[in-house]
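For reference, the chains in residue letters:
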Amino acid sequence: MNPSSKYIHFSTADETAFHQALLQASQDYLQKNNDHRLANKRNIVVAGGLFLLSIASYLYALSTQSSAVYIMAYSFFVILIMFLNVICQHDACHNTLFKNTRINRIVGRLVTLPLGIDPDFWRVRHVDYHHHYANIEHYDLDIEENGIFRQTPFQQWRGFMRYQHIYWPLIAALSLSWVALVFDWADRTGRTRLRENNVLSGWQGWLLFLLSKLLHLTVMIGLPLAIAHTHGISISTILFTYLVSQMMASMLVVYLLLGTHWAETKFFTPPANHQMPHGWYQHNFMTACDWLPSPHWLWRLTGGVNYHLTHHLFPGWHHRHYPALAQIIARLANEYKMPYRCISYRQLVKSQISFLRRMGTNNMNKID
């Protein structure tokens, strides 16, 4: 669970006892339930059923002659796909959906294609950078400075950012498109740290990348123009529905994720000697939290991302285990004096707005 890093290393502070206790308790949990850490058959069947339902919705959108029905069916297709990304793709990129890595990659490419993002670049950004370097400036690529939204106290302040707590929903709605149009191409052309990871290397990598982008445009715009338009759906309706559905999908996932690393957490700049002054477990407790929806059963719709600290400590486990693992973490954190936090969704949103207000001021250079 403790990742090694070729860039930044964490302190050799003694976390061995906590690590061993956490490892033993998690293995005892599996043994007691005669279980494994990956997805079970029920998870696979549910995901498969939702995927088939999304395809049916897409085909229905292409065949209808009603603009209203087209908008609803097409949007339902995109939302279902986004939901599949939340409950499947996230696990697949951590190789916890299937045991076979290739199958995980195939699933990831299928369910991200309608969203236009490249799953291989996203996976490396998420697994190799965000998970290893959460909330560390210049290393956690999820908080890169963009000139529009100030996400850390170490980034440049601009006057309009004093309103970012107001306009952040618009940023949330455009986030997926930003990933597809900016991050992906910056990664692909070697303008980011991912050039060191040889993602999609060679001409085969370029071919897969370009084919995926072309297939996205073909499926999401080309086929509707070629088929739905002949049934009387206007070009403006087709383009409008594409844009709005992508924004809806983006807001869905961002509303689940953003505050998990903003809610009363700490941010860091990389030390000159590349050695953090604290241990890896301590770092995760300081930079993430768990949160609970109300009613609690709604966590099944979040893909487990509400148990975000738990996910960071157990990235190699399928999210179906997170409620049990969170209880283990809470118990051991209390025993070993680790700052575990589990808050409500209302508290998460409140803390998120407070954070954005603070980042929008010009007198902020650190977070206590």
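Residues numbered from 1 in each chain as written. Predicted model: local features only at pLDDT ≥ 70, side-chain atom pairs only at ≥ 80, totals over all residues. Heavy atoms only, no water.

*Asks:* Describe in detail the overall build of the chain, supporting the description with residues and values.
*Replies:* When its secondary structure is counted, the chain shows 12 helices and 2 strands. Its helices and strands taken in sequence order, the chain reads α-α-α-α-α-α-α-α-α-β-α-α-β-α from the N to the C terminus. Relative to its length of 368 residues, the chain is compact, with a C-alpha radius of gyration of 21 Å against a globular reference of 21 Å. Taken along the three principal axes of its C-alpha coordinates, the chain extends 65 × 55 × 45 Å. Expressed as a percentage of its 368 residues, the buried residues of the chain come to 50%. Pairs at least 24 residues apart make up 72% of the contacts formed inside the chain by residues separated by at least 6 positions. When the accessible surface of the chain is split by element, carbon and sulfur atoms take 62% of a total near 17500 Å². Charge separation in the chain, taken as the distance between the mean sites of 30 positive and 20 negative side-chain charges, equals 4 Å. (Helix = DSSP H or I, 4+ residues; strand = E, 2+ residues; numbered from the N terminus. Rg over C-alpha atoms; globule rule 2.2 N^0.38 Å. Buried < 20%, exposed > 50% of the residue type's maximum accessible area, 1.4 Å probe, protein only. Contact = heavy atoms within 4.5 Å. Areas by Shrake-Rupley, 256 points an atom, 1.4 Å probe, with all protein chains shown as cover. Lys, Arg positive; Asp, Glu negative; His and termini not counted. Charge placed at Lys NZ, Arg CZ, Asp CG, Glu CD.)

*Asks:* Quick one: what's the story with helix 3 (residues 67-93), residue by residue and with numbers?
*Replies:* Compared with the 39 Å implied by 1.5 Å per residue over 27 residues, the 36 Å span of helix 3 between its first and last C-alpha is a close match. With 20 of 27 residues buried, helix 3 lies mostly within the body of the structure. Looking at the residues trailing helix 3, positive phi occurs at Asn95, about 60°. (Expected span 1.5 Å × (residues − 1).)

*Asks:* Give me the lowdown on the pattern of salt bridges, citing residues and values where you can.
*Replies:* Tallied over the entire structure, the rule returns 7 salt bridges. The shortest N-O distance in the salt bridge between Asp35 and Arg320 comes to 2.8 Å. Here the residue Asp35 occupies a position in the loop between helix 1 (16-32) and helix 2 (41-63), and Arg320 occupies one in the loop between helix 10 (308-313) and helix 11 (322-335), the gap between them amounting to 285 residues. The class for Asp35 is partly exposed, based on a relative accessible area of 27%. One salt bridge in this structure joins Lys213 and Asp184, with 2.7 Å as the shortest N-O distance. Here Lys213 is found in helix 7 (residues 202-226), whereas its partner Asp184 is found in helix 6 (residues 164-188), with 29 residues between them in sequence. The burial state of Lys213 is the same as that of Asp184; both residues are buried. Salt bridges here are not isolated pairs; linked through shared partners, they connect Arg109, Asp118, Asp120 and Arg123. (Salt bridge = Lys/Arg side-chain N within 4 Å of Asp/Glu carboxyl O.)

*Asks:* An account of the UniProt feature "transmembrane region" (unreviewed entry) in the chain is requested, with residue identities and associated values reported.
*Replies:* Following the UniProt record, one finds the feature "transmembrane region" (unreviewed entry) at residues 44-62, 68-88, 166-186, 206-227 and 239-258. Between the C-alpha atoms that bound residues 44-62 there is a distance of 27 Å. The span itself is 100% helix and 0% strand. As annotated, residues 68-88 comprises 100% helix and 0% strand, and the C-alpha atoms at either end are separated by 30 Å. (UniProt positions renumbered as here; feature names shortened; annotations may be inferred.)

*Asks:* Explain helix 12 (residues 345-359) residue by residue, including any values.
*Replies:* With 15 residues, helix 12 extends 21 Å from end C-alpha to end C-alpha; this agrees with the ideal 21 Å at 1.5 Å per step. Tucked inside the fold, the buried residues of helix 12 contact helix 6, strand 1 (290-292) and strand 2 (342-344).

*Asks:* So, the state of the cysteines: which residues are in play, and what are the values?
*Replies:* All chains considered together, the criterion is met by 0 disulfides. Not part of a disulfide, Cys342 finds its nearest cysteine sulfur in Cys289, a span of 7.9 Å. The partly exposed category is assigned to Cys342, whose relative accessible area is 36%. (Disulfide = S-S within 2.5 Å.)

*Asks:* I'd like a description of unusual backbone geometry, backed by residues and values.
*Replies:* Negative phi is the rule for most residues except glycine; trans is the rule for most peptide bonds. The step from Ser294 to Pro295 runs through a cis peptide bond, and the omega angle for that step is 0°. Along the chain, the position of Pro295 falls in the loop between strand 1 and helix 10. Here the phi dihedral of His138 falls at roughly 75°; this positive angle occurs in a residue that is not glycine. Locating His138 in the fold gives a position in the loop between helix 5 (119-130) and helix 6. Positive phi, normally seen in glycine, also occurs at Leu200, with a value near 50°. By secondary structure assignment, the location of Leu200 is in the loop between helix 6 and helix 7. Classification of Leu200 as buried rests on a relative accessible area of 14%.

*Asks:* Please provide a residue-by-residue account of the packing of helix 1 against helix 11, values included.
*Replies:* At a minimum axis distance of 10 Å, the contact between helix 1 and helix 11 shows a crossing angle of 145°. Crossing of helix 1 over helix 11 shows right-handed handedness. Across the interface between the two elements, Phe18, Ala21, Leu22, Ala25, Ser26 and Tyr29 of helix 1 pack against Ala324, Leu325, Ile328, Ile329, Arg331, Leu332 and Ala333 of helix 11. Looking at the contact of helix 1 with helix 11 residue by residue, the classes come out as 11 nonpolar, 1 polar and 1 charged. (Axes fitted to C-alpha atoms, helices over the stretch in contact; angles between N-to-C directions. Left-handed = near helix turned anticlockwise from the far one by under 90°. Nonpolar A, V, L, I, M, F, W, Y, C, P; charged D, E, K, R; others polar.)

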